[in-house]
Structures are given as structure tokens and as C-alpha cells.
Amino acid sequence: MDCVRPILDVATRLWDSAAKRPVYIRHLPQNLNSLRTEMEELKNLYEDVKERVEREEKRQKKRLRVVDDWLRGVEAMEKEVEEILAKGDEEIQKKCLGTCCPKNCGASYNLGKMVLEKMGAVTVKKTEGSNFSVVAEPLPSPPVMERQLEKTVGQDLLFGKVWKWLQDGGEQVSSIGLYGMGGVGKTTLLTRINNELLKTRLEFDAVIWVTVSRPANVEKVQRVLFNKVEIPQDKWEGRSEDERAEEIFNVLRTKKFVLLLDDIWERLDLSKVGIPPLNPQDKLKMVLTTRSKDVCQDMEVTESIEVNCLPWEDAFALFQTKVGADTINSHPDIPKLAEMVAKECCGLPLALITIGRAMAGTKTPEEWEKKIQMLKNYPAKFPGMENRLFSRLAFSYDSLPDEAIKSCFLYCSLFPEDYEISHRKLIQLWIGEGFLDEYDNIQEARNQGEEVIKSLQLACLLENGRSQLDKKEKYSKMHDVIRDMALWLARQNGKKDKFVVKNGVESIRAQEVEKWKETKRISLWDTDIEELREPPYFPNMETFLAPRKFIRSFPNRFFTNMPIIRVLDLSNNFELTELPAEIGNLVTLQYLNLSGLSIKYLPVELKNLKKLRCLILNDMYLLKSLPSQMVSSLSSLQLFNMYSTIVRSDFTGDDERRLLEELEQLEHIDDISINLTSVSTIQTLFNSHKLQRSTRWLQLVCERMNLVQLSLYIETLRITNCVELQDVKINFEKEVVVSSKFPRHQCLNNLCDVKIFRCHKLLNLTWLICAPNLQFLSIEFCESMEKVIDDERSEVLEIEVDHLGVFSRLISLTLTWLPKLRSIHGRALPFPSLRHILMLGCSSLRKLPFDSNTGVSKKLEKIMGDQEWWDGLDWEDQTIMHNLTPYFQPSQIRGKI
């Protein structure tokens, strides 16, 4: 039986084949028609799928491989079917002509079989094509996407610095923060870096650009990365922020990439996004742009670089390209006028571009002159300034953390263009305005004021001042375009005349003053006001600033109608010799500055200013006395300044003593600056614990005084023309006076500025070892001075001295006309902060307290003195001498003294 079964299987197959053969042949015409119909349907489906693919490809997508294989398969199948149909048609034609014979039955059978098989294949293809729900996927992003960029001007040095870091690997630098004011060109610089990476193809797998903006949104940044790096759709949609971060991390950790983050306003947590730790060795790098240096610190960048405004040559070149050569050359006068306009932009690229484009096509000098006047007087009305320039710059203002800081910023626009604002004066004004009211203590308010200025500088809304007039003062200034923007902001929301700022106007007419009724703040610099027929009415005015030179007198009843005024500054009007009594009507006043006025007597009506917090009477050289009980009547007074103003009518010092007694009666007094000229009043000051605690600036001018008991709280000390003075002692009182924060040898912790002038019997100033924060020291015309610090004397004072801390904060040292001076200090000191040295007429000083380990030359900018003295100095280490560059200018130095 086993041998019979195979024979039966073969016989069965032969029977089946023989049975099907007639079917294949007999149904051939019908099957050919069916195949033709199926193929037409497949071709229609092919056209639909192909059209879908082409549509997706126009959207920058890539066709799926399975779809591409199917389309090519259909094209091949179409050719095969056409051949089969042609053969079938020929076979049927032969049959109709009766030429078919038995020997052709095998060919007919094979053809019929082929038709049925191909019908099945066509049906399968139709099913496959009908199941394509997705035919294409997004194209993988190129390593670098080119960004639109116009030709840049003036950024080559800065670009070169960043580019060198990217090229060389910069093993110590993993990230750079580019910060600067709005419109200065940070994004332009970042775009140039991006496009240069495209050209050079440095060894990075990807360059990822993300415009972060505000607020910093992790999901938004993740979406950009998803589009840039190839993450499957199914691993993204519906996933949590942490899960998406994990997917991004797993892709990026295998790549070398540069991350370009533009327009960051606050810290962005890169780990939450999924970005691996930046590692310079693996070339994982980041460059970011921001308007705030604080953000650079928050993002922990390795290096922060400020993007500054353009220097003049580059600024004018950029301006001319926007105006166009055709316009510039249209009249001989226009190049000079173009310079005037460009200078109004102060090197800010966005302003140069905006104003340059607005001036394009302006081809007559008359049109240029009109627009120059508009730009100076009404900048917000100049074409493009509001919507293209101020609105963009205002983002920095909007990002300030609270309304108080915003008010402080807007206040800076009350000063003239290019004016360098003293921090001390600015903060006093802010205190008077009530911007720092949350601090009851003047010292705390001053500290907070410095923090506000620092925050405005970090946000690039204020710049560091460069004033050389007084290195002891800190200054800031406001970029002209930022100032124009601030004034524009102050006048928004229908408040056209909220701020009135005039500078250098010879005389303001009465008609103009009458228009200021709704004004909140008036600032007149170098400006006079003509006589008014009627007293002005300022129901909303809180601030009136009128400093510098021009005001000789005020119109009658000028101060009659100012019901809510807080701040009045009349300082440095040297020709103003009298104040009207009606100034006493300003009962809401909190700040009054009369410094530099040439008046002899203050009006007694000042007693009425019960809310006054700051009274400033500096440099009033003609003032004879203060009205009796005036100061003690100012019950809210916290700050009383009388720099270089002496009030006494005789040598008894009665006026001074009365002033001190009145100051002591004030409950809230916290900041006193005063000159004292008699032994008795000096003793009165040092006998009063309250006056000692409140006195910050003190000048002693007293020929008869032979001993000073120094207060612990003084910040600035001047001892002048005290020809009998032999010693200065620290008034420790009881130990309770010494702050628990500071040990005994640092008890003069607040003292930062000391000047000793014409004190002929002083031998040394060893007590300065107790002033660890001393920054400025000047000793002049002290004939007997032998040593600045006498180590033996410090032992007598029973004070342990940390020699490394002596003069460690000293910035400037001036020693002039000290013929017996032999030593500054007995040993070499580090002097880590020293920048300026002036030594003149110190012929006995043959050795400076420097050696090669002091590091004094690292920050030292100038050392000035006589060449003969310099050449005669003894040096233990010649290296330090060669590292110093002396300036021999004795004639100029004498002039300054």
C-alpha cells in the first residue's frame, strides 16, 4: 500500500490539471475583461496615491519607503498586465479565425492561468494601496538652517571672538551669553554665527536655533527640538513633559551640537527640556542672547559678553547704507546733516536702521532740517519710532519686576541727554519721591537704591557713567534712545504732558508754562522762566527740578499752587540770591535741595515743611545762619546734608551748637553731613550717641583742636586746617558701641573716604588699621607726618592687626607735600584694589610697600609723581618697578591740588 499512495497522488494532480485546462481556455475572454477592469481600478488608485504623495512632498515631507515601493510595483505591474492583455487579445483573435489547433491548447492554457494569477496580484495591490492612511513623513531637518541676514556692520571683532571659541573647541568654555540693550544687534550676531556654521560645516551634527522669548516655555522649546531631531511620532504625541525630555535627551546625548537660544528673558531649565549637560570636550555648546546680564548668570554661562553700540565710523556707515547713496549725494549739504541725524542714534543699530530708512528719499536740506528738529524735540512723532523702535525697546521696561523699579527707571529720563547721574543724588531723589518707602531707615533705602540701579544696569536700561570729575562717586547714564523711549512711555495713555523736560532754553515763555497744568514732573536744566502775569496752577505736579545756573529769581507767587509737590530741586542756580517766603506753603514737600545757591538767609517759613525727609544745603558759601528752631521743626527729617557749608557768626560756634542741638531733637534723623569749626561743637557731637550714629559725612575745620575722638559710624571724614591737631583716637565709649558684627580691629567698618589736609602736627594715621573698607585716602600738606601706619603705635592702641586686611579695599592713594614721610607701612601689602597713586613732594619716602607678591600692578592704572623721586626709590624686587608705568606730570598735579 505504501508504494501505491504516491502513484495515486500523481494521478490526482494529473486529473485536476486536466480538469482545469478546459476552464482556463474556455473562460479566457471573460478573465481578460476582468483583469482589464481590475487594472483600471488599480491605476485610478495609483493616481490618487501619487497625487497625495506629491502634495505632501510640496509641504517639505518625504514619501514613505513602503509607499514608494508600492508605486513602483504598480508601474511594473501595469506593463506586465498590458503584455498579458495583448497576448490574450491575439489568442482570442486566432480562435475567432478558426486557426486554433490542438497543438496550441497548451499555450492557451498557460495564458489563461497567467491571467488568473495576475488578477490575484492586482487585487492584492489594490488592497495595499487602499490601506495607506499616511503616505509621507516630515523630512529630517538639515544640520543647519540658513536664516535671513542683511550685511552686518561693526561686529567683526565680537563675531571673531565667538567664532574662534567655536572653531578651537575652547575646552574651558561651554557656553557664551551675549547681552546688551534692545536693538543693539544681538540677534543679528547670533544669526551670523548660525549662517557661518552652515558655510563652514564644522564638526557638529546639528545647530539648533530656538527663539525663546517670554515667558520661557519648556514645551515650546521641546517642540522645536522635536522638529529638529528625528524622534518618532508615536514616542511624542500624548507624552508628558518629562517623557518628551527623556526622548530628547536620548537623541542629543549621542550628537555633537550647538544650541543657539535667542531672546531669553529669564532662566530656562535645560534639563527639563531634555538637553544634556554642556560639555566642551564633547563639543556640546550653547550661545544665548538676552537683554539682561542677570540672565547670563542665571543660565550659568561660562563667559558673558556685552554687545555694545557701534562706534561712530561703523554707525555712520550703517546709517548711510539705509539712507542710500542716491539720497546722501543729492545735495552737498546733506552729508553733514546726515551726520547730525546719525549722532542722535548714539550708535544703536536699530535706531540707525529705523531712522535711516525713514530718511531715504529725503533729498533737500530743508526737509532734513525739519526732520532733525522733529527728532530732537518730538522723537515719538518721527516716522517708525513708535512702532518699530520704542515698542521693541519697551519690552525691557515691561520685564522689570515691579512698579517701583519702573518708576525709578522713568525718573532717570528727567535728566538731560548724556548727563552722568550721581547715584547718591538719584537715590536721595527716589527717597523724596517715595519710591523706597518700604524702608524706614535711610541706610537701608540707600542700599536698596543701589540694588535698583544695579538691576537697571544689568537690564541694559542704564549704563555705567564714565565721569572722571570725582572718582569717589558712582555715576550712571541713560542712552539717548532709551531716554527718548522712557519719555515716550511716561507720556502714554493720553498723558501727553505727564513729563516736561527742557534743557538749555534761554527763557520759557509764560504761555508755555500755562500749558503745564496737568504735568506730573517738570525738569528744567540750564533754563530760566520769564515773569508770569498770574501764578501758575499745578494741581498734579509732584516733582519740580530746576538745577544749574540760569534761574535768577522766581515769578511772584510761583510756589503758591502746588498742592501735592514732593520734590523741589533748585541746586546750583548760582545767581539765585533769595527764596520767596511762599516756599513754606509746600507742606507736602519731602525733598528740598538748595545746594549752591547764593542766598544769605533761609526763609523762616521753611519751618512749615513738616513732611520734609531730605534737606540738602551743600556748598552754600554765603549762608550766614539758619532760622532758629527751623531744623527742629522738621519733625519728619531723616537726611540733613551740609557739605562745605559753614553756619556760624563768630568763633564761639553758637550757631553750630544750636544746629547740633536741634538735630538731636529729631526723632527720625539718620543721615547727617556737616562741617564743624569749634572745639566745643566737635565735643558736643562726640558726646552725643545719637549724633554719632547719624553722622555719615564729617568735616572738621578747627585751628585750636588738638585731639579728635573719632565716631564709629562715619563714612567720609575730612580734617582740614587743624594746625594744632596731634592725635586721632577712636571713641570706643563702652564696648556696646562697637557693633557685634565687627571685631574691635574693624570698628571703623563704615569709613571709606578720608582726607587729611594741613594738619601740621600729626605724626601718623595708625588708627586707619581699624577701617577695613577704606577706599580713598588723601594726605596733603602735613609737615610732621612720618608714617602713615606705625606698627609700634598699633601695639599702643592694643589692637590686633590683620596686616593682610590693611588697605585691602583701597582704590586711590594721594600723598602730597609730606616732607618727613618715610613709610606708608612697615611691610609689603597686597593692595589688591589699588588703581591710582599720586605722590608729590614726598622726598623722604624712599621705599613703597610693594613686592613681587603683592600683585599691585594688576589693577594699577596710574602712578604719578616727580621723576627725581621715582628714580631715587629703593626696590627690593626690581620686577615690580618694571611692571609699573609712572606718569611724570608735576605741573598738572599741582594745578589739581
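Residues numbered from 1 in each chain as written. Predicted model: local features only at pLDDT ≥ 70, side-chain atom pairs only at ≥ 80, totals over all residues. Heavy atoms only, no water.

A.B. asks: Which parts of the structure should I look at to understand the pairing of strand β23 (residues 753-757)?
C.D. replies: Every regular strand shows the same layout, with side chains that alternate between the two sheet faces. Most of β23 sits out of view: four of its five residues are buried. Here five bridges tie strand β21 (residues 716-720) to β23, and the two strands are oriented parallel to one another. Following the sheet pairing, T716 is matched in β23 by D753. One ladder, built from five bridges, connects β23 with strand β24 (residues 776-780); its direction is parallel. (Buried < 20%, exposed > 50% of the residue type's maximum accessible area, 1.4 Å probe, protein only. Helix = DSSP H or I, 4+ residues; strand = E, 2+ residues; numbered from the N terminus. Pairing = 2+ DSSP bridges.)

A.B. asks: Can you help me understand the sheet that holds strand β7 (residues 303-306) in this one?
C.D. replies: Strands in a sheet are paired, the pairing made by backbone hydrogen bonds, and the direction either parallel or antiparallel. Read across the sheet, five strands follow the order β4-β5-β6-β3-β7 without closing on themselves; strand pairing throughout is parallel. At either end of the open sheet lies a strand with only one pairing partner, and these are β4 (206-213) and β7. Across the sheet, the mean angle separating the axes of adjacent strands is 15 degrees when strand polarity is ignored. Alignment of strand β3 (residues 175-179) against strand β6 (residues 285-290), held across five bridges, turns out to be parallel. Counted as the bridge partner of G177 is L288 from β6. (Axes fitted to C-alpha atoms, helices over the stretch in contact; angles between N-to-C directions.)

A.B. asks: For this particular structure, what's the right way to read the packing of aromatic side chains?
C.D. replies: Given two aromatic rings, one states the distance between the centres and the angle between the planes to describe the pair. Summed over all chains, the structure comprises 22 aromatic pairs. Considering the side-chain rings of F538 and F558, the 6.4 Å spacing of their centres and the 65 degrees angle between planes classify their relative orientation as edge-to-face. Of the two residues, F538 sits in the loop between β12 (521-525) and β13 (543-545) while F558 sits in the loop between β13 and β14 (567-569), which places them 20 residues apart along the sequence. Here F538 matches F558 in class, with each residue buried. Between the aromatic rings of W869 and W870, the centroid separation amounts to 6.3 Å while the plane-to-plane angle is 55 degrees, which identifies the pairing as tilted. For W869, a relative accessible area of 7% gives the class buried. Grouping aromatic residues by their ring pairs yields a cluster made of F538, F544, F554, F558 and F559. A cation over a ring is seen here: K381 above Y378, with NZ or CZ 5.1 Å from the ring centre. Geometry around Y397 places K406 over its ring, the cationic atom sitting 5.3 Å from the centre. (Phe/Tyr/Trp six-rings, centres within 6.5 Å; stacked < 30°, edge-to-face > 60°. Lys NZ or Arg CZ within 6 Å of the ring centre and 35° of its normal.)

A.B. asks: Quick question: what am I supposed to make of the sheet that holds strand β8 (residues 421-422) here?
C.D. replies: Spatial ordering of the open sheet is given by β8-β10-β9, a layout of three strands whose pairing is antiparallel. Every interior strand has two partners, whereas the edge strands, β8 and β9 (463-464), have only one.

A.B. asks: Whenever I open this one, unusual backbone geometry confuses me. Can you help?
C.D. replies: Note: most peptide bonds trans; most residues except glycine with negative phi. Omega for the bond connecting R214 with P215 falls within 30 degrees of zero, at -5 degrees, which places this linkage in the cis form. Along the chain, P215 falls in the loop between β4 and α7 (218-228). The backbone phi angle of S644 is positive, close to 55 degrees, even though this residue is not glycine. Among the secondary structure elements, S644 is positioned in the loop between β17 (639-641) and α23 (654-665). Classification of S644 as partly exposed rests on a relative accessible area of 27%. Here the phi dihedral of F781 falls at roughly 55 degrees; this positive angle occurs in a residue that is not glycine. Mapped onto the secondary structure, F781 falls in the loop between β24 and α26 (791-796).

A.B. asks: How do you make sense of the pattern of salt bridges when you look at a structure like this?
C.D. replies: Where side chains of opposite charge bring their charged atoms close, a pairing between them can arise. Under the defined criterion, the tally for this structure stands at 38 salt bridges. Where E724 meets K761, a salt bridge forms, and the shortest distance between an N and an O atom there is 2.8 Å. Taken together, the residues span a long stretch of sequence, with E724 in the loop between β21 and β22 (727-730) and K761 in the loop between β23 and β24 at a distance of 37 residues. Its relative accessible area of 37% is what places K761 among the partly exposed residues. Shared partners join several salt bridges into a network, and the residues in it are E57, R63, D68, D69 and R72. (Salt bridge = Lys/Arg side-chain N within 4 Å of Asp/Glu carboxyl O.)

A.B. asks: Any chance you could explain helix α19 (residues 442-458) here in plain terms?
C.D. replies: For an α-helix the count is 3.6 residues per turn, leaving residues at separations of three or four pointing the same way. Taking 1.5 Å per residue as the helical rise, α19 with its 17 residues ought to reach 24 Å, and the 24 Å between its terminal C-alpha atoms agrees with that figure. Every buried residue belonging to α19 is among I442, Q443, A445, G449, V452, I453, L456 and L458, and all of these are buried. A distance of 2.7 Å separates the backbone nitrogen of Q443 from a side-chain oxygen at the start of α19, and that oxygen is part of N441. One or two residues past the end of α19 sits C460, with phi positive at roughly 60 degrees. (Expected span 1.5 Å × (residues − 1). Polar contact = N/O pair within 3.5 Å; in protein donor to acceptor, adjacent residues only side chain to side chain.)

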